[in-house]
There are 2 protein chains.
Amino acid sequence: MVSVNKPRLGYEVPAQIGMAEADVETPALVINLDAFERNLRKMRDIAKAHGVALRAHAKAHKSAGVAHQQMKIGGAHGFCCQKVSEAEALVNEGIDDILISNQIVAPAKIDRLMQLAKRATLRVCVDDLRNVKDLSTSAQTHDVTLGCLVEIDVGAGRCGANPGAAAGRIASGIDAAQNLRFDGLQAYHGPAQHFPQAAKREAAFAEMLDKVKATIADIKTRGLDCAIISGAGTGTFEMEAASGIYTELQAGTYCFMDAAYMGVRTQDDQPAVPFENALFVASTIMSAARSGTVICDAGHKSHAVDSGLPLLFDADGARYVACNDEHGMIDDPKGVLDLHDRIRLIPGHCDPTCNLHDYLIGVRNGVVETVWPVTARGKLL
Amino acid sequence: MVSVNKPRLGYEVPAQIGMAEADVETPALVINLDAFERNLRKMRDIAKAHGVALRAHAKAHKSAGVAHQQMKIGGAHGFCCQKVSEAEALVNEGIDDILISNQIVAPAKIDRLMQLAKRATLRVCVDDLRNVKDLSTSAQTHDVTLGCLVEIDVGAGRCGANPGAAAGRIASGIDAAQNLRFDGLQAYHGPAQHFPQAAKREAAFAEMLDKVKATIADIKTRGLDCAIISGAGTGTFEMEAASGIYTELQAGTYCFMDAAYMGVRTQDDQPAVPFENALFVASTIMSAARSGTVICDAGHKSHAVDSGLPLLFDADGARYVACNDEHGMIDDPKGVLDLHDRIRLIPGHCDPTCNLHDYLIGVRNGVVETVWPVTARGKLL
């Protein structure tokens, strides 16, 4: 009954190319292509000025369409992914250089990782000698050589070996293992991206850099070089870029921005994160039955609220104040919004928001120019 | 390269029927089928004892497989959906009685609603006379008659006309409109589901019931009957069931439960919500590089945190304390968890969690018995 190959407009897909933006079915994820491209060029220029490579994080958008633009006009030389299935989906669409910025430990996933390594330049992060053994065994079975970065915990308290000798021992283990190649370090500080105070962010960065340097030094004593030092996100990337230590930047959100990153540098009179809002949830007012409040059709299932509620773009006093699965409650004290009105929401957190949608609708001058599938949507495995 | 019709194990689908539960790829959404079926029977028996119908809310699971079990052993006579595309996906899988417990206002969606009304018993909620006009025009075009419930705001401050005469005028408008049929009221109080204090919940319910009765009375003076009074959720359904006013219950979460509903009645020495945890995110420890903390492979993209972090099931002192997109940080003071260990998380909120997954894996006695697609996953339109 349903054609698998031709998504139906307004059912599987909210828009088609050439359609007016005002006719896009809602809720839908819309990209302002002009702002998106300015973001890509700005990051390209900053990375270039500092002589660091850009390995954009594809977990932010999960879309091959976006990734190809990041390469074509944004200077990206490769991508990060968090999951094997995410990487696989992008390799299927022509992305050929991916770092899995994460540990892959399940046997079936390691097997798929090695199969994928035959089709693309692939690297993975490691923080445990037991994992080194498993990776090496599978790489031998598949007759591939896999590049490995040792992940160190630089303050985030998430994955990663302790810096220094603990990480060095894993580097030696990789170097000694059959069919693995030690390529360098993964050193990413997630929380530091979101510290609102410049001083706190700088202190976290300085501490992180000390840990990276100490680890590089330990590894040097083992006769090994760290060809790659990979890390950074949209909240700190200027510091990694200027460090003289990091060789590549893993920022992801910069291409779209979101409410969390827009609001992060509001303290201490700092300049904001230097990118524009390019991603919106287009939504429609579906109920205006009582004065002062209207209800829109975009709730938890249209945008993630883990980093806060979305902001209304061009709001004129209206505020998105509460959220249910498929409803957004909007305070509208001036009464500017009515039934059928369309609004644009800046999502709180772009990464899990993109993961809720099957398509990204690119618009320019009020017309739909691109309809990009969210290629790796839901690829959790 | 990728077969559309045959999902690949461990890539698109985390399990296959007959597999050991311990071999399910993670993260994955797993149903304890015994607990699930006990939940279904319990709700069936409570509804039957009070002589009310069960119109289970499909937004909780979005799965035709679950819905068919709710009919087969759980006594459900029909379902609620929030979106036209959600309803359409379930009708395609044999669900034939659906109330869209929401306003449908966009022209293209109204058109699809009428097309769907030719294939199933369909009703929709209305809170605005402008919407009555649009629905009637489209129903005439499609030569269908659509049942409408007037939604009233009973305290949630979300959608819904004011109770009493304002709602009565809409009922009259529906009755007067060509090809629409006035069927009764939608009266759902979302926030009341989550009031922790019994007294507060009872007060909200009493206030709600007064509003429903006042609206029924107004509608009676217009010569109309409310054949259906629909509402209730997993947090209050015992009161609606016993009210003598409500004719059908819209509970959804009861079949799975989640951490939010498990924790809601902890104050005032009340009995808990009378259902068992039947839904889990199966996850694997992917990093154990430092003592006291381990990292699992399930984060924001595996479970929704809008109602709080997930709980560890059978935790032995370990606690899920923080969340990133694809990582969960687990405090493990006793050191009971290590690399490769499997854990089960009770998601904070089951509805948006199901919406993140493509499959629900049903297990019994440690063996995978069912693999149900999340039929309406991502159906936002």
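Because the structure is a prediction, the values reported are computed rather than measured.

## Side note on the overall build of chain A
Link 1 in the chain: Across its full length, chain A holds 10 helices and 17 strands.
Link 2 in the chain: Computed over its C-alpha atoms, the radius of gyration of chain A comes to 22 Å, within 12% of the 21 Å expected for a compact globule of 381 residues.
Link 3 in the chain: Along the first, second and third principal axes, the C-alpha set of chain A runs to 70 × 55 × 35 Å.
Link 4 in the chain: Sorting the 381 residues of chain A into buried and exposed places 59% on the buried side.

## Focus: the relation of the copies chain A and chain B
Link 1 in the chain: Its rotation angle being 180°, the transformation that places chain A on chain B also includes 0.0 Å of axial translation and leaves an RMSD of 0.0 Å. Here the two chains are linked by the operation of a two-fold rotation axis.

## So, the interface of chain A and chain B
Link 1 in the chain: Opposite the 61 residues of chain A that make contact, chain B presents 61 residues.
Link 2 in the chain: Listed by contribution, the elements that provide at least two residues to the side of chain A that touches chain B are α3 (84-91), β4 (97-103), α4 (107-117), β10 (279-290), β11 (293-296) and α10 (350-354) of chain A.
Link 3 in the chain: With 6 residues, β10 of chain A is the single largest residue contributor to the side of chain A that touches chain B.
Link 4 in the chain: Tallied by class, the residues present in the side of chain A that touches chain B amount to 24 nonpolar, 20 polar and 17 charged.

## Brief notes about the packing of helix α4 (residues 107-117) of chain B against helix α5 (residues 129-142) of chain B
Residues and elements named next belong to chain B.
Link 1 in the chain: One can describe the packing of α4 onto α5 by two numbers: an axis separation of 9 Å at closest approach and a directional angle of 45°. As the angle between them shows, α4 and α5 are arranged oblique. For the element pair α4 and α5, the recorded crossing hand is right-handed. Contact with α4, carried on its side by Ile-110, Asp-111, Met-114 and Gln-115, involves Asp-134, Leu-135, Ser-138, Ala-139 and His-142 of α5 and no other residues of that element.
Link 2 in the chain: Of the residues that constitute the contact of α4 with α5, the class distribution is 4 nonpolar, 3 polar and 2 charged.

## What to know about unusual backbone geometry
Residue and element names in this part refer to chain A.
Link 1 in the chain: In this structure, Pro-27 follows Thr-26 across a cis peptide bond, with omega equal to -5°.
Link 2 in the chain: With respect to the element layout, Pro-27 can be found in the segment before β1 (28-32).
Link 3 in the chain: One non-glycine residue with positive phi stands out, namely Ala-232, at about 85°.
Link 4 in the chain: Its location among the elements puts Ala-232 in the loop between β8 (228-231) and α8 (237-242).

## Re the pairing of strand β6 (residues 146-151) of chain A
Residues and elements named next belong to chain A.
Link 1 in the chain: Among the 6 residues in β6, 5 count as buried, and that is most of the element.
Link 2 in the chain: Note: strand β5 (residues 121-126) against β6, 4 bridges, orientation parallel. Considered in β6, the bridge of Cys-125 is made with Leu-149.
Link 3 in the chain: Between the parallel elements β5 and β6, the chain passes through helix α5 (residues 129-142) in a crossover that is right-handed.
Link 4 in the chain: Sheet analysis places β6 next to strand β7 (residues 180-186), joined by 6 bridges and oriented parallel. Counted as the bridge partner of Cys-148 is Phe-182 from β7.
Link 5 in the chain: Handedness of the crossover joining β6 and β7 through helix α6 (residues 165-176): right-handed.

## Concerning the sheet that holds strand β2 (residues 53-57) of chain B
Link 1 in the chain: Strand order in this closed barrel of 8 strands is β2-β3-β4-β5-β6-β7-β8-β9 (chain B), and the pairing throughout is parallel.
Link 2 in the chain: Together, β4 (97-103), β5 (121-126), β6 (146-151) and β7 (180-186) of chain B form the strand contacts of α5 of chain B, whose direction differs from that of β7 of chain B by roughly 140°.

## Here's the deal with the confidence of the model for chain A
Link 1 in the chain: Mean pLDDT over chain A: 96, with 99% of residues reaching 70 or higher.
Link 2 in the chain: Reported for the predicted complex are a pTM of 0.96 and an ipTM of 0.95.

## Re α4 of chain A
Link 1 in the chain: Among the residues of α4 of chain A, those classed as buried are Lys-109, Ile-110, Arg-112, Leu-113, Met-114, Leu-116 and Ala-117 of chain A.
Link 2 in the chain: Those residues of α4 of chain A that are buried lie in contact with α3, β5, α5 and β6 of chain A.

Rules used in this analysis
Residues numbered from 1 in each chain as written. Chains lettered and ligands numbered in written order. Predicted model: local features only at pLDDT ≥ 70, side-chain atom pairs only at ≥ 80, totals over all residues. Helix = DSSP H or I, 4+ residues; strand = E, 2+ residues; numbered from the N terminus. Rg over C-alpha atoms; globule rule 2.2 N^0.38 Å. Buried ≥ 20, exposed ≤ 12 C-beta atoms within 10 Å, placed from the backbone. Least-squares fit on C-alpha atoms with pLDDT ≥ 70 in both. Contact = placed C-beta atoms within 7 Å. Nonpolar A, V, L, I, M, F, W, Y, C, P; charged D, E, K, R; others polar. Axes fitted to C-alpha atoms, helices over the stretch in contact; angles between N-to-C directions. Parallel < 35°, antiparallel > 145°, perpendicular 65-115°, else oblique. Left-handed = near helix turned anticlockwise from the far one by under 90°. Pairing = 2+ DSSP bridges. Right-handed = clockwise from strand over helix to strand, strands pointing away. pLDDT = per-residue confidence, 0-100.

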